[in-house]
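Descriptive analysis of the structure
Read off the chains here:
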Amino acid sequence: MMLSLGPIIFGLILGLVIGSQIKPNIGDAKFTLASFVAILIAGIIIAWQAGNYPFYTGLPISFAFLSALIGILVGILLFSRRK
Amino acid sequence: MSQGSVILKIISLPISIILICLGIMTILGGHITPGGGFQGGAMIASGIILSILVYGLGNSPLELSHTYIEVLESIGALGFVIFGLIGLFVGGFYLYNFGTDLLNVVPAAIQNVFHYPDVTNAGIIPYLNIFVGLKVFVGLSSIVIAFAGFKKIVEETE
């Protein structure tokens, strides 16, 4: 099994950079931890459906998508601010 | 400006997050598949735009600050230019791919540092895709944020 480090590392970094700007509880938006667990499960299904895009080796799951999603969720947990 | 529907407000942020992840995936696959920096950046911006359209400017959970836009735009432009200049100085051409080094003119240490870690021999192309993606993402988002802001000002003055 070959695992490419590039999409995992840069997916996490880009996800963290963008996820740091998401504020889940502002205005009309009310998103709890359970909402993000649901988003994570949906994301895993989408990554599975995407196959091993963009590198056609290794496990049949898109690591770029999955690492970006994990980066965004970590960014929300670390940097989400309340107004 | 924001839409009133509760369903839209529940589903928009998850869809925005999924769109952003798809955009990042497109950026990171840009060197061997169709797509790349511009397309991925436009997809990420579409996530931001969806969120701003549904929740409205000022109430959106996905809103970019002025400083954030400035910093990412500068990183995108400067990164591209700096990688081009490194190629010029070590390889002799502007934007020479010093991560792959087809002409064998770059020292091995520089080549190893800038070689993108994956199964392809892409060199600096994925980094250039990432810089272009960052620039397009904040560029398109800032256009829509500006339009939404102008509309808000017009609505308030009327």
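Just so it is clear, the structure is predicted and the values come from calculations on it, not from any experiment. Position labels on residues start from 1 in each chain and follow its written sequence. Working convention: letters from A go to chains and numbers from 1 go to ligands, in the order in which they are written. A pLDDT threshold of at least 70 governs which residues receive local features in this predicted model, and a stricter bar of 80 or more applies before side-chain atom pairs are shown or counted, although totals over entire chains, interfaces and linings include all residues.

**As for the overall build of chain A**
Labels follow the DSSP assignment, with helices taken as runs of H or I lasting at least four residues and strands as runs of E lasting at least two, numbered in each case from the N terminus. The number of helices and strands found in chain A is three helices and two strands. Along the chain direction, N to C, the helices and strands of chain A fall in the order α-β-β-α-α. Oriented by its inertia axes, the alpha-carbon framework of chain A measures out at about 45 × 20 × 15 Å. Distance between backbone-placed C-beta atoms decides contact: two residues are in contact if it is within 7 Å. Of the contacts made within chain A by residues no fewer than 6 positions apart, 73% connect residues no fewer than 24 positions apart.

**Description of the overall build of chain B**
Of regular secondary structure, chain B possesses five helices and zero strands. Put simply, chain B runs from its N terminus to its C terminus through helices and strands in the order α-α-α-α-α. Considered along the principal axes of its C-alpha atoms, chain B spans approximately 65 × 30 × 20 Å. The exposure label follows from counting other C-beta atoms within 10 Å of a residue's C-beta, where the C-beta atoms are placed from the backbone and the thresholds are 20 or more for buried and 12 or fewer for exposed, leaving partly exposed in between. The buried share of chain B, reckoned over its 158 residues, is 44%. The contacts of chain B with a sequence gap of at least 6 include a subset with a gap of at least 24, amounting to 62%.

**What to know about the nonpolar core**
In this structure, F65(A), A68(A), I72(A), C21(B), I24(B), M25(B) and I44(B) are the most contacted members of the largest nonpolar core, which totals 62 residues. Elements with a minimum of two residues in this core: α1 (5-19), α2 (33-50) and α3 (63-79) of chain A together with α1 (6-28), α2 (37-55), α3 (66-91) and α5 (125-157) of chain B. Tallying contributions element by element places α5(B) first for this core, with 11 residues. In contact with M25(B), not counting residues within four places along its chain, are Y53(A), S62(A), A64(A), F65(A) and A68(A). Remark: nonpolar core denotes a set of buried Ala, Val, Leu, Ile, Met, Phe, Trp, Tyr and Cys residues whose joining runs through C-beta atoms within 7 Å.

**With respect to the interface of chain A and chain B**
Accessible area lost upon the coming together of the parts serves often as the stated size of an interface. Contacts between the two partners involve 32 residues from chain A and, on the opposite side, 28 residues from chain B. Taken together, the elements giving at least two residues each to the side of chain A that touches chain B come down to α1, α2 and α3 of chain A. At eight residues, the largest contribution of residues to the side of chain A that touches chain B is made by α1(A). When its residues are assigned to classes, the side of chain A that touches chain B shows 21 nonpolar, nine polar and two charged. We call Asp, Glu, Lys and Arg charged. Ala, Val, Leu, Ile, Met, Phe, Trp, Tyr, Cys and Pro are nonpolar, and the rest, Gly among them, are polar.

**Focus: the environment of G79(B)**
Along the chain, the position of G79(B) falls in helix α3. Put simply, G79(B) and Y127(B) are 48 residues apart on the chain and 8.6 Å apart in space, counted from C-alpha to C-alpha.

**Here's the deal with the environment of P7(A)**
Of note, P7(A) is situated in helix α1. The class of P7(A) is buried, set by 28 C-beta atoms lying within 10 Å. Separated by 24 residues in sequence, P7(A) and F31(A) place their C-alpha atoms 28 Å apart. Ignoring anything within four residues of it in the chain, the contact list for P7(A) reads F55(A), F63(A), A64(A), S67(A), L28(B) and D118(B).

**Section: the confidence of the model for chain B**
Residue-level confidence of the predictor is what pLDDT reports, using numbers from 0 through 100. Counting all residues, the mean pLDDT for chain B is 91, and 98% of those residues have values of 70 or more. The ipTM, which scores confidence in the relative placement of chains, is 0.92 for this predicted complex, and the corresponding pTM is 0.92.

**Describing the packing of α2(B) against α5(B)**
Residues and elements named next belong to chain B. Whenever a helix is involved, its axis is fitted only over the stretch in contact; in every case the axis is a line through C-alpha atoms, and angles between N-to-C directions fall within 0 to 180 degrees. Contact pair α2 / α5: the axes reach a minimum separation of 7 Å and the direction vectors enclose 30°. Overall, the two elements α2 and α5 adopt an arrangement that is roughly parallel. The element α2 and its partner α5 pack so that their crossing is right-handed. Classifying every residue of the contact of α2 with α5 gives 16 nonpolar, six polar and one charged. Should an angle fall under 35 degrees it is taken as roughly parallel, and over 145 as roughly antiparallel, whereas 65 to 115 is taken as roughly perpendicular and any remaining angle as oblique. Two helices that cross are described as forming a left-handed crossing if the nearer one is turned anticlockwise from the farther one by less than a right angle, and a right-handed crossing if clockwise.

**Description of unusual backbone geometry**
Residues and elements named next belong to chain B. Even without a glycine there, the phi angle at L95 is positive, about 60°. Tracing the chain through its elements places L95 in the loop between α3 and α4 (108-113). The exposure class assigned to L95 is partly exposed, which follows from the 17 C-beta atoms found within 10 Å. A positive phi is found at D101, a non-glycine position, where the angle reads about 55°. Its location among the elements puts D101 in the loop between α3 and α4. By the C-beta count within 10 Å, which is 20 here, D101 ends up buried.

**Some points on the packing of α1(A) against α1(B)**
Where α1(A) meets α1(B), the closest approach of the two axes is 10 Å, and the angle between their N-to-C directions is 140°. By the angle between their axes, α1(A) is oblique relative to α1(B). As for how α1(A) packs across α1(B), the hand of that crossing is right-handed. Within the contact between the two elements, α1(A) uses P7(A), F10(A), G11(A), L14(A), G15(A) and I18(A) and α1(B) uses I20(B), I24(B) and L28(B). Split by residue class, the contact of α1(A) with α1(B) holds seven nonpolar, two polar and no charged.

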